[in-house]
Amino acid sequence: MSILFNESDGVFFLNTPKSTYIIRVVDNKYLSHGGWVKRISSWSGQCVMPLYGRAFAPVPQELCGRIEYSLDVQPQEFPGYGHGDCRDSAVEVLSADGTTVTDLYYNGYRIYKGKKPLEGLPATFCKEDEAETLEIDLLDKVSGLAVTLSYTVWNKYDVICRSVSAKHTGSSLELYKGKPLVLRRLMSASLDFTGSRYRMIQLSGSWGHERHAIVRDLTSGIQKIQSRRNASSHQQNPFIALEEYDATEDSGTVYGFSFVYSGSFCAEVEVDQYNMSRVLMGLNPDTFEWKLNEGESFTAPEVVMVYSDQGLGQMSRTYHDLYRNNLCRGNWKNKPRPVVINNWEATYFDFNAEKLFALADTAAKEGMELMVLDDGWFGHRDDDTTSLGDWYVYKDKLPGGIEEISEGIRKRGLKFGLWFEPEMVSPDSDLYRAHPDWVLQIKDRDFCLGRNQRGLDLSRKDVVDYLIEVMDNMLGSGLIDYIKWDFNRTLTEIASTMQSPENQMKVGHLYYLGLYKLMEHVTQKYPDVLFESCSGGGGRFDPALLYYMSQCWTSDNTDALSRVAIQMGTSIVYPASSMSCHVSAVPNHQTGRVTSLNQRGHCAMAGAFGYELDLNKLEEAELAEIKEQVATYKRIRDTVQYGDLYRYECPWNTRAPNETGSFGAWSNVSKDKSQCVFTVIWTYAEAHAEITVIKLRGLDPDATYNVQGPKEFFDNVKISGEELMNVGLYVSPHPHLKGSLQLILEKI
Ligand code: GLA
């Protein structure tokens, strides 16, 4: 049993394999947090925040003279607003009396096997014997607000998944009877840490520069990341971690928080006056308000919390396993992902059947397995000013329709994929002319365009139903094996013509409920289709979309050297199987940089691999190299996509900066330890550079491995796992390596 309740002391213990999470019920009223620590088998109840009076610490009068117990000082499990705790709260609700004070008191619990789905929301799932769930009820008697906290504790993983729901149960008091409550804030997780000796890790950036890991020390006050873009965003990924000061990539305690949501969010750590640190994560209260009439309830999305006592690396591997097995769905979730050729950077909008088939011919010869026809196949789209919404084929460009293209590509031995951007509409489109009211908008206000397009109002049922029909028409044809689902602007004027003024602040979240309904329909009805999400690259690379689409286009920046930081940052939370990575042309279209084909191939092989360039413009020697790369990837893809990842040197590694210039080094090890792919990419190479010794991890110490690399270096040499891990490999950016080294180690 992973969840225990000690009735006499009022203490809940939530045990994962290596951790214990403690919740206390104080005076049968207050829900207090007792710590999330390395697993313990018993607890005296003495190691808690000492009770002695603190100046200016408000004390609830119902505590009958225990003046020392202040909610402002004690660690809380789910802090309310305005009743003693002056730190940021997890819940805030506007009552009929015009105030926002809540007194949420303990009101019972339930424990059950497994985990319930979150209605209308993506979330992790499991079989009954994989986890246990604790639900704790809280009640504010005055307003009638009931809150249920849910904790799913996993047997196999050091993971606790949290979600929260709020219900207006009604109040018997005259002032409140029959009146609505307005939820202004409902965080999905709140966790009070004793002390502030932690570093906070966040994944931040911009378009073409997503998920760069930033590490900073916690300090007094609030450190916060957020999105108000109605998308999880390029700028801040819905993830933070706290690591203890002595933690490294491989050792020490790290706590991860990952929000299963694609819209506006916030995650913050507040270090208070006593150096306690409060983590809050959930829907962004700046962009959210939800009116609850009596009897109505609201469920907030899930936060996945991971505990690691083996550093950041183990935290990542836990997320990878959980997200691959218990979040991703569809028939592709555990299957080797095909090697892709995408025509976007090869042709942009300028293509016809002949060009596409010429590309497919060469791709097939090189061993590639799936060709994606990207943007420009519909309406009369020759550039990005027109036609989104008109999801019928552009006959001037492709007179034979999608049938001819799909059949032609399949005949060449490749699967066929197609690009869509269903959530958007161009003002120059038949759809917009017919339904100008279908876009997000505020009456009488000017609006913003982004990439010349507007966002459809997915809070409307008719719009979602229409999009279901569009996708059914396309996918029902059976011509499509893969879909790239794009989303290419920041949404603004997030309001709906269908909603009354008091409900406009719901629209951002209703948009996602509509999108999730649409994606649920499409992905469940066509489970054999491989879905890839995209948002100008990685603007919506979040766990919620992985529930529907098990891979995501990592970044529009395809420069191999830029990609080292982007992909290694992404790997902090997301598995390699979810990262779509392509080799593109040089000079690179985003940075103008020239990198070797070697570097581009090795870098893209860190994820779901493919190409995105005009193969027919390459020299024979380059095509020969590509053929070899494709063959190599097929040999290692199970290990890369479904093995364990170990990071050695990261461009952000502030703990042990390498002086060679920066480089990234990682390895992927198959679960049975029989194969390991070790990769180093130098983002800056010095002549006669220092030599770095990298001790490999995750190998079988008792086995001997055949190590295969470039002939000059590791030409099928035999080395024991023990030696590779304890002595290590000597690496240095020799000119023969052309900027990168890939070694394939196989157990003999
Ligand atoms: C986005 C995607 C690109 C490409 C273009 C097409 O930017 O990230 O890969 O599909 O749209 O317009």
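Since this is a predicted model, take the numbers as computed values, not measurements.

(A) Inspection of unusual backbone geometry at higher detail. In this model, V586 is joined to P587 through a cis peptide bond whose omega is -10°. Positive phi values are uncommon outside glycine, yet E493 reaches one of about 45°. Residue position: E493 is located in the loop between β25 (482–485) and α7 (507–525). Here E493 falls in the buried class, since its relative accessible area comes to 17%.

(B) View of the sheet that holds strand β35 (residues 715–720). In space, the six strands of this open sheet follow the order β30-β31-β32-β37-β34-β35, with antiparallel pairing throughout. A single partner strand is all that each edge strand has here, and the edge strands are β30 (644–649) and β35. Pairwise comparison of adjacent strand axes, ignoring direction, gives a mean angle of 20° for this sheet.

(C) Examining the nonpolar core more closely. L14, F257, M368, L373, W377 and Y611 are the most contacted members of the largest nonpolar core, which totals 178 residues. The element that contributes the greatest number of residues to this core is α7, accounting for nine residues. Those residues within four positions of L373 in sequence are excluded, and the remaining contacts are N343, F351, L356, L398, I402, I405, F416, G417, L418 and W419. In terms of nonpolar packing, the next biggest core, distinct from the first, is built from 25 residues, V669, V707, M725 and L743 among them.

(D) Expanded view of the packing of aromatic side chains. Inspection of the entire model under this criterion finds 41 aromatic pairs. Centroid distance Y512 to Y516: 5.8 Å. Interplanar angle 45°. Geometry classified as tilted. Taken as a pair, Y512 and Y516 lie in helix α7 at a separation of four residues, close to a single helical turn. Residue classification places Y512 among the buried residues on the basis of a relative accessible area of 0%. We note R54 situated over the ring of Y274; from NZ or CZ to the ring centre the distance is 4.2 Å. Geometry around F447 places R454 over its ring, the cationic atom sitting 3.4 Å from the centre.

(E) Region of the structure containing the environment of I480. One can find I480 in the loop between α6 (461–475) and β25. In sequence terms I480 and V159 are 321 residues apart; their C-alpha atoms lie 37 Å from each other. What I480 contacts, discounting residues up to four positions off in sequence, is R410, F416, L418, M474, L475 and V529.

(F) Geometry of the pairing of strand β11 (residues 198–204). Buried residues dominate β11, accounting for seven of its seven residues. What you see with β11 is no split at all: Y198, M200, Q202 and S204 on one side and R199, I201 and L203 on the other are buried throughout. With six bridges connecting them, β11 and strand β14 (residues 236–244) associate as antiparallel partners. Bridge pairing links M200 to L242 in β14. The pairing of β11 with strand β12 (residues 212–217) spans six bridges and is antiparallel. By the bridge assignment, S204 is partnered in β12 with H212.

(G) Molecular detail of the side chain of T102. For T102, the position within the fold is in the loop between β5 (91–94) and β6 (105–113). In this structure T102 comes out as buried when scored by relative accessible area, which is 3%.

(H) Inspection of the site of the ligand at higher detail. Residues in contact with the ligand amount to 13 residues; listed here are only the nearest, D374, D375, R451, K484 and D556. One nitrogen or oxygen atom from the side chain of D486 is found 3.0 Å from an oxygen atom belonging to the ligand. The separation between an oxygen atom of the ligand and a polar main-chain atom of G537 is 2.9 Å. When the ligand sits alone it has 300 Å² of accessible area, and the protein chains cover 96% of it. Of all the cavities here, the one that holds the ligand is the second largest pocket. Residue composition of the shell around the ligand, by class: four nonpolar, three polar and six charged.

(I) Representation of the sheet that holds strand β29 (residues 608–612) in the model. Overall, parallel pairing links the eight strands, which are arranged β20-β21-β22-β25-β26-β27-β28-β29 in a closed barrel. Neighbour-to-neighbour, the strand axes of the sheet open up by a mean angle of 30°, direction not taken into account. Summarising the sheet, strand β27 (residues 551–553) and strand β28 (residues 579–584) pair through two bridges and their orientation is parallel. Paired with W553 across the two strands is S580, which belongs to β28.

Reading the values: the criteria
Residues numbered from 1 in each chain as written. Predicted model: local features only at pLDDT ≥ 70, side-chain atom pairs only at ≥ 80, totals over all residues. Heavy atoms only, no water. Helix = DSSP H or I, 4+ residues; strand = E, 2+ residues; numbered from the N terminus. Buried < 20%, exposed > 50% of the residue type's maximum accessible area, 1.4 Å probe, protein only. Pairing = 2+ DSSP bridges. Axes fitted to C-alpha atoms, helices over the stretch in contact; angles between N-to-C directions. Core = buried A, V, L, I, M, F, W, Y, C linked by side-chain atoms within 4.5 Å. Contact = heavy atoms within 4.5 Å. Phe/Tyr/Trp six-rings, centres within 6.5 Å; stacked < 30°, edge-to-face > 60°. Lys NZ or Arg CZ within 6 Å of the ring centre and 35° of its normal. Near = heavy atom within 4 Å. Polar contact = N/O pair within 3.5 Å; in protein donor to acceptor, adjacent residues only side chain to side chain. Areas by Shrake-Rupley, 256 points an atom, 1.4 Å probe, with all protein chains shown as cover. 1 Å grid on protein atoms, 1.4 Å probe; cavity = no way out; pocket = protein on both sides within 12 Å on 5 of 7 lines; lining within 4 Å. Sits in = over half its atoms within 2 Å of the grid points. Nonpolar A, V, L, I, M, F, W, Y, C, P; charged D, E, K, R; others polar.

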